[in-house]
Amino acid sequence: MTASIGKRAKAELASVLPGSRGDALAELSALLHTAGSLRLGGGKGEAVVGTDNPELPSLVRALTLTLMLPAPRVVKGKHTELIFENGMRLLNDLGILSSDGGRVSIVDGILPELVHRDSARKCYLRGAFLGGGFISLGRNNHMEFAFSGATLRDDVAELLGGAVNGAGRGTRGDKYTLYIKSKEKISDVLVYMGAPKAALAVQEEMINSYMGRLAAAAQNCDVANIDRAVEAAVRQIEDIEYIDRRVGLETLDEKLATTAHLRASAPEMSMGELAEVLGVSKSCVSHRLAKLTAMAAELRKTGGEKK
């Protein structure tokens, strides 16, 4: 189940449609800034997004329709490619490229006007995750956003602060990463971006993991209790055998002798089982065995011999 949560999250997020043109602009900008590339040729170039997410083409078509932009051409192969004609114009409109005196450069971060509303900030996060994010749950819980530059990563970190605090920052290869290691925080981010079903799956994983730890702890506790009971029985039998060698069990009173014989003949019995066979309480059995232990200790001091 855990291996599919990332795919389920992306499928759910790709089904959420922005409620306004500004939100659509923020999401498409984030998507192309994290997953897009510019393929030059013919002067205008092509903006290309490669994806393995089968739901993404439908989302991108919906975004372009909201923005009244030409829909991308979809080319399917080993990976699906979404190809936008006049790519330089598109990336400029999305705040990814800037032109200054004929020079074209990549915008390092997020244009403030793209994310001035809370809904647009959520949409930008959604686009950034769809374009360059993944989730992995299990021994190492990990949600990650990957970016081509540190400034863009740091800007997205500020947006992420609306959902959780304490996201880590790092690098992976030539990418700058933003990551979260807590299942609870991963769930909060998914809810914030608009994927409550995926968040619920993460919470179920949290519960299953917690219950598994409880079961393991209970099993370890049971094993420890069994080990202690076995060790106690071994010591009790050693004491009984020592008493028998030194003075003989026949010298004991009937109740103590009966308890000694039963314990020596049935080392696997628990205190409760001994009490049931003898027809007495567990505290009575414990008292009798304690008396035998004390007797053995005294005999070891005095060196008494069997009569």
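The structure displayed is predicted, hence computed values, not measured ones.

Calculation notes
- Note on numbering: residues in each chain are counted from 1, in written sequence order.
- Since the coordinates come from a predicted model, pLDDT governs what is reported: local features require at least 70, and pairs of side-chain atoms require 80 or more to be given and counted, while whole-chain, interface and lining totals use all residues.
- The side-chain figures draw on all heavy atoms in the structure; neither hydrogens nor water molecules are used.
- Any two strands between which DSSP finds at least two bridges are classified as paired.
- Starting at the N terminus, helices and strands are each numbered in turn, a helix being any DSSP run of H or I of at least four residues and a strand any DSSP run of E of at least two.
- Every angle, taken between N-to-C directions, lies between 0 and 180 degrees, and every axis is a line fitted to C-alpha atoms, over only the stretch in contact when it is a helix.
- Nine residue types can take part in a nonpolar core, namely buried Ala, Val, Leu, Ile, Met, Phe, Trp, Tyr and Cys, and a core is a set of them joined through side-chain atoms within 4.5 Å.
- When a residue's accessible area, from a 1.4 Å probe over protein chains only, is under 20% of the maximum for its type it is buried; when over 50% it is exposed; and in between it is partly exposed.
- Residues are treated as being in contact if the distance between any of their heavy atoms lies within 4.5 Å.

Asks: What is the right way to read the sheet that holds strand β3 (residues 73-75) from this model?
Replies: Through backbone hydrogen bonds, the strands of a sheet pair up, either in parallel or in antiparallel fashion. The 4 strands are arranged β1-β2-β4-β3 in an open sheet whose pairing can be described as antiparallel. Only two strands of the sheet have a single partner each, and these edge strands are β1 (36-39) and β3. Averaged over neighbouring strand pairs, the angle between their axes works out to 30° when direction is ignored. Bridge analysis of β3 against strand β4 (residues 80-84) gives 3 bridges, and the strand direction is antiparallel. Counterpart to Arg-73 in the pairing with β4 is Ile-83.

Asks: Explain unusual backbone geometry to me, please; I cannot follow it from the model alone.
Replies: Peptide bonds are trans in most cases, and residues, glycine excluded, mostly fall at negative phi. Located in the positive-phi region is Met-68, a residue other than glycine, with phi close to 55°. Along the polypeptide, Met-68 turns up in the loop between α3 (56-66) and β3. Of note, Asn-86 is a non-glycine position whose phi angle comes to about 55°, a positive value. Turning to its location among the elements, Asn-86 is positioned in the loop between β4 and α4 (87-93).

Asks: So what exactly am I meant to see when it comes to the nonpolar core here?
Replies: Across soluble globular proteins, nonpolar side chains have a tendency to be buried as a group. Of all hydrophobic cores here, the largest spans 57 residues; its most connected members are Leu-32, Tyr-124, Ile-135, Met-143, Phe-145, Leu-190 and Met-193. Sorting elements by how many residues they give to this core places helix α2 (residues 21-35) first, with 7 residues. Filtering out sequence-adjacent residues up to four positions away, Ile-135 remains in contact with Ile-5, Gly-6, Ala-9, Phe-129, His-142, Met-143, Ile-186 and Leu-190. Grouped together as the second largest cluster of nonpolar side chains are 17 residues, Ile-240, Ile-243, Leu-252 and Leu-289 included.

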